[in-house]
Amino acid sequence: NGYHTASTTAAASYAGGNKTLVIVLGSLRAGEKAWNSMFKHLLDINNADLALLIGKTHTNSTTIMHQRAKFIWEFHEYEDWADALDEAFSSSGNNN
């Protein structure tokens, strides 16, 4: 499962695809038991794609979260991850 790290590339690839996108924001800390539960009870039943908006220090692409993610946006670590969302939307041309 390939992934994109540039938000503009991901947005272009997403056009016309699945209409439901679940975004995990921040750090990947929960572990496989919690992630598998999220897959079963959120992603699978809603036929949703997964996107990760995570810190660059979490680049272990062997986790099941990375394998399942359709999109991965990596940023430096934030104290307030709302700033990451602002950065992602401003760099992709979405200012709303």
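Look up: the structure comes first, before these words.
Residues numbered from 1 in each chain as written. Predicted model: local features only at pLDDT ≥ 70, side-chain atom pairs only at ≥ 80, totals over all residues. Heavy atoms only, no water.

Help me understand the pairing of strand β1 (residues 21-26), please; the structure alone is not making it clear to me.
Strand residues, when the strand is regular, have side chains that alternate between the two faces of the sheet. Bridge analysis of β1 against strand β2 (residues 49-55) gives six bridges, and the strand direction is parallel. Pairing of I23 across the sheet is with A51, part of β2. You can see the chain leave β1, run along helix α2 (residues 32-44) and come back into β2, and the turn it takes is right-handed. (Pairing = 2+ DSSP bridges. Helix = DSSP H or I, 4+ residues; strand = E, 2+ residues; numbered from the N terminus. Right-handed = clockwise from strand over helix to strand, strands pointing away.)

Help me understand the nonpolar core in this model?
One broad trend across soluble globular proteins is that nonpolar side chains are buried collectively. Ranked by internal contacts, the top residues of the largest apolar core, which has 15 residues, are F39, L50, L52 and M65. Counting residues per element, the ones that place at least two in this core are β1, α2, β2 and α3 (64-68). Considering each element in turn, this core owes the most residues, four residues, to α2. With residues near it in sequence (within four places) discarded, L52 still touches V24, L28, M65, H66, A69, F71, I72 and W73. (Core = buried A, V, L, I, M, F, W, Y, C linked by side-chain atoms within 4.5 Å. Buried < 20%, exposed > 50% of the residue type's maximum accessible area, 1.4 Å probe, protein only. Contact = heavy atoms within 4.5 Å.)

Can you help me understand α2 in this one?
For an α-helix, the turn length of 3.6 residues means that residues three or four places apart are oriented alike. For α2, built from 13 residues, the straight-helix expectation of 18 Å at 1.5 Å per residue is missed by more than 12%, its first-to-last C-alpha distance being only 16 Å. Approximately 30° is the largest bend angle found in α2, and it occurs at M38. In this fold, the buried residues of α2 make contact with β1, β2 and α3. (Expected span 1.5 Å × (residues − 1). Bend = angle between axes of the 7 residues up to and from the residue.)

Looking at this structure, how should I read a nonpolar patch on the surface?
The grouping of I23, L25, L85 and F89 at the surface amounts to a nonpolar patch, some 320 Å² of accessible area in total. Mapped by element, the contributors of at least two residues to the nonpolar patch are β1 and α4 (82-91). One can find L85 in helix α4. (Patch = residues over 30% accessible without salt bridge, like charges linked within 9 Å, V, L, I, M, F, W, Y side chains within 5 Å. Areas by Shrake-Rupley, 256 points an atom, 1.4 Å probe, with all protein chains shown as cover. Salt bridge = Lys/Arg side-chain N within 4 Å of Asp/Glu carboxyl O.)

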